[in-house]
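Overview (structure and organization)
Here is how the chains run, residue by residue.
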Amino acid sequence: MIKIRGFSKRYGQFVAVDSLDLDIEQGDVFGFIGPNGAGKTTTIRFLTTLLKPTAGKAWINGYSVTQQIDEVKRSIGFMPDTFGVYDGMKVWEFLDFFATAYGLPRSKRRALIDDVLDLVDLTSKRDTLVNGLSRGMQQRLCLAKTLVHDPPVLILDEPASGLDPRARVEMKALLRELQKMGKTILISSHILPELADFCNKIGIIERGKLLAAGPVKDVIRSIRQNRVVRVVVSAQMETCEVMLAHHEHVKNLSGADGEFKFEFIGNDNDVVNLHKDLLEKGVPVVWFQEEEADLEEAFMKITKGLVA
Ligand SMILES: Nc1ncnc2c1ncn2[C@@H]1O[C@H](COP(=O)(O)OP(=O)(O)OP(=O)(O)O)[C@@H](O)[C@H]1O
Ligand SMILES: [Mg+2]
């Protein structure tokens, strides 16, 4: 659905993005993660036909972003990282303006605007002036704007920036809804945990280079070589500790009071066997689980590796 090959952008000597390749499939929710100045907005501007590349090609919905600009624009809903100034415009007028720009006939616009307002929960603000909306509402309105021409692809540059925790939760729920509607979504952020439970794929970019990309679990696995397992037992703590301490796959065992944590070097089968061994030795296991690695940790490790 989105394909980038060899995208580079230079400003004079400065390389903002360096030979970036990326593949996003239909229905993916792709988190584009990177610190300030990494090259996210630059890549997004290229994809949305707003920036001429120094080198490289990209396709959205099968259309070339450098050659089929109209088709690309019709295929995407774009939410930029800044909300413009729309003095004196009411909420419905704002949406009507964009719907008109997309060539939607007047007869259809009214119902469509009502639909998108309902989706982003702004029906009651229909006649409010855009600049009188709160930041969270403006972000939702901006998202509504990206939907008026019903594009298959949404490209959102930091849609949650500047929102309070409640507005973030609401934004996330809204994005989930759009995902369910079958949209392919590219969303950029430097707020990592926010994307972890929401995206199926992520890409980590720093200083113009894509450092890792793929399914969330794979990216995390590729950074964290060993899985971390947590075991909680209600009795036989010593037996458990001895077994773990002498187990060939267990490393860096820590813990007390029947709660153990360790790195496990082995495959799924080895994990299953360890669990079984504990039970067979009569250790009452309350919990036996792999610790979820969080994106924050993954991100810090990857970007640190580059700096070092
Ligand atoms: N027009 C320009 N002229 C010169 N340098 C630019 C220009 N636009 C962007 N850059 C530089 O390119 C780099 C990448 O910027 P970009 O806006 O893509 O980063 P970003 O990942 O979106 O960061 P942020 O999280 O702060 O939004 C930055 O170092 C920026 O200063
Ligand atoms: Mg940016």
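Here, residues in each chain are numbered from 1, in the same order as that chain's written sequence. Naming scheme: in the order in which they are written, chains are lettered from A and ligands are numbered from 1. Only residues with pLDDT of 70 or above have their local features reported here, since the model is predicted, and side-chain atom pairs are shown and tallied only from 80 upward, although totals for entire chains, interfaces and linings are computed over all residues.

**Quick word on the overall build of the chain**
Scanning the chain for helices and strands turns up 11 helices and 14 strands. Projected onto the principal axes, the alpha-carbon positions of the chain cover approximately 75 × 50 × 30 Å. Exposure classes come from backbone-placed C-beta atoms, where a residue is buried if 20 or more other C-beta atoms lie within 10 Å of its own, exposed if 12 or fewer do, and partly exposed in between. By the burial criterion, 34% of the 308 residues in the chain qualify as buried. Whether two residues are in contact is decided by their C-beta atoms, placed from the backbone, lying within 7 Å. Counting contacts in the chain only where the partners sit at least 6 residues apart, residues at least 24 apart contribute 68% of the total. Secondary structure elements follow DSSP: runs of H or I of four or more residues count as helices, runs of E of two or more count as strands, with numbering from the N terminus.

**Some details on the site of ligand 1**
Residues in close proximity to ligand 1 total 13 residues, the closest being Ala 16, Asn 36, Lys 40, Thr 41 and Thr 42. The set of elements that each furnish at least two residues to the shell around ligand 1 consists of strand 2 (14-24) and helix 1 (40-47). For each residue, a C-beta atom is placed from the backbone, and the residue counts as near a molecule or strand when that atom lies within 6 Å of it.

**Concerning the packing of helix 3 (residues 91-101) against helix 4 (residues 106-119)**
Packed helices, taken two at a time, are described by the angle between their axes plus the distance between the axes. In contact at an axis separation of 10 Å, helix 3 and helix 4 are set at 120 degrees when each is read in the N-to-C sense. When the axis of helix 3 is compared with that of helix 4, the two are oblique. Here helix 3 runs over helix 4; the crossing is right-handed. For the pair helix 3 and helix 4, the contacting residues are Trp 92, Leu 95, Asp 96 and Ala 99 in the first and Arg 109, Leu 112, Ile 113 and Val 116 in the second. Counted by class, the contact of helix 3 with helix 4 contains 6 nonpolar, no polar and 2 charged residues. Note on method: axes are straight lines fitted to C-alpha atoms, helices fitted across the in-contact stretch only, with angles between N-to-C directions ranging 0 to 180 degrees. If an angle is under 35 degrees, it is roughly parallel; if it is over 145, roughly antiparallel; if it lies from 65 to 115, roughly perpendicular; otherwise it is oblique. We call a crossing left-handed when the near helix sits turned anticlockwise from the far one by less than a right angle, and right-handed when that turn is clockwise. Only Asp, Glu, Lys and Arg are considered charged in this grouping, and only Ala, Val, Leu, Ile, Met, Phe, Trp, Tyr, Cys and Pro are considered nonpolar; every other residue, Gly among them, is considered polar.

**Some points on the domain arrangement of the chain**
Note that the domain bounds were set by an automatic or database domain assignment. For the chain, the domain assignment lists domain 1 (2-215) and domain 2 (225-292). Computed from C-alpha atoms alone, the centre-to-centre distance between domain 1 and domain 2 is 44 Å.

**Let's talk about the nonpolar core**
Ranked by internal contacts, the top residues of the largest apolar core, which has 60 residues, are Ile 2, Leu 95, Ala 144, Ile 155 and Leu 186. Beyond its immediate stretch of four places on either side in the chain, Leu 186 contacts Ile 2, Ile 24, Phe 30, Phe 32, Ile 155 and Leu 156. Note on terminology: a nonpolar core is any set of buried Ala, Val, Leu, Ile, Met, Phe, Trp, Tyr and Cys residues joined through C-beta atoms within 7 Å. Counting residues in hydrophobic clusters, the runner-up holds 10 residues, among them Val 231, Cys 240, Leu 274 and Val 283.

**Considering unusual backbone geometry**
Even without being glycine, Asp 121 reaches a positive phi, approximately 65 degrees. For Asp 121, the location among the structural elements is in the loop between helix 4 and helix 5 (135-147). On the neighbour-count criterion, Asp 121 (14 C-beta atoms within 10 Å) is partly exposed. You will see that Gln 236, though not glycine, has its phi angle at about 55 degrees, which is positive. Its place among the elements puts Gln 236 in the loop between strand 11 (227-233) and helix 9 (237-245).

**Considerations on helix 4**
Helix span is expected to be 1.5 Å times the residue number reduced by one. Relative to the 20 Å expected for 14 residues at 1.5 Å per residue, helix 4 spans 20 Å between its end C-alpha atoms, a close match to the ideal helical length. What helix 4 keeps buried is the set Ile 113, Val 116 and Leu 117. Contact partners of the buried residues in helix 4: helix 3 and helix 5. Immediately beyond the C-terminal end of helix 4, within one or two residues, lies Asp 121, with a positive phi of roughly 65 degrees.

**Description of the sheet that holds strand 10 (residues 209-215)**
Here the rule is simple: two strands pair whenever DSSP picks up at least two bridges between them. Spatial ordering of the open sheet is given by 6-7-8-3-9-10, a layout of 6 strands whose pairing is mixed. In this open sheet, the two strands that pair with only one neighbour each are strand 6 (76-79) and strand 10. Strand-to-strand twist across the sheet, computed as the mean angle between neighbouring axes with direction ignored, equals 15 degrees. In this sheet, strand 10 lies alongside strand 9 (residues 201-206) in antiparallel orientation, the contact comprising 6 bridges. Each residue of the ladder has a partner; that of Ile 204, found in strand 10, is Ala 212. In this fold helix 1 packs onto strand 3 (29-33), strand 7 (153-157), strand 8 (184-189) and strand 9, with an angle of close to 150 degrees to the strand it touches most, strand 7.

**Regarding the packing of helix 3 against helix 5**
Packing of helix 3 against helix 5 leaves a shortest axis separation of 9 Å and a crossing angle of 30 degrees. Relative to helix 5, the element helix 3 is oriented roughly parallel. As for how helix 3 packs across helix 5, the hand of that crossing is right-handed. Listed contacts from helix 5 to Val 91, Phe 94, Leu 95 and Phe 98 of helix 3 are Leu 141, Ala 144 and Lys 145. Here the residues of the contact of helix 3 with helix 5 sort into 6 nonpolar, no polar and 1 charged.

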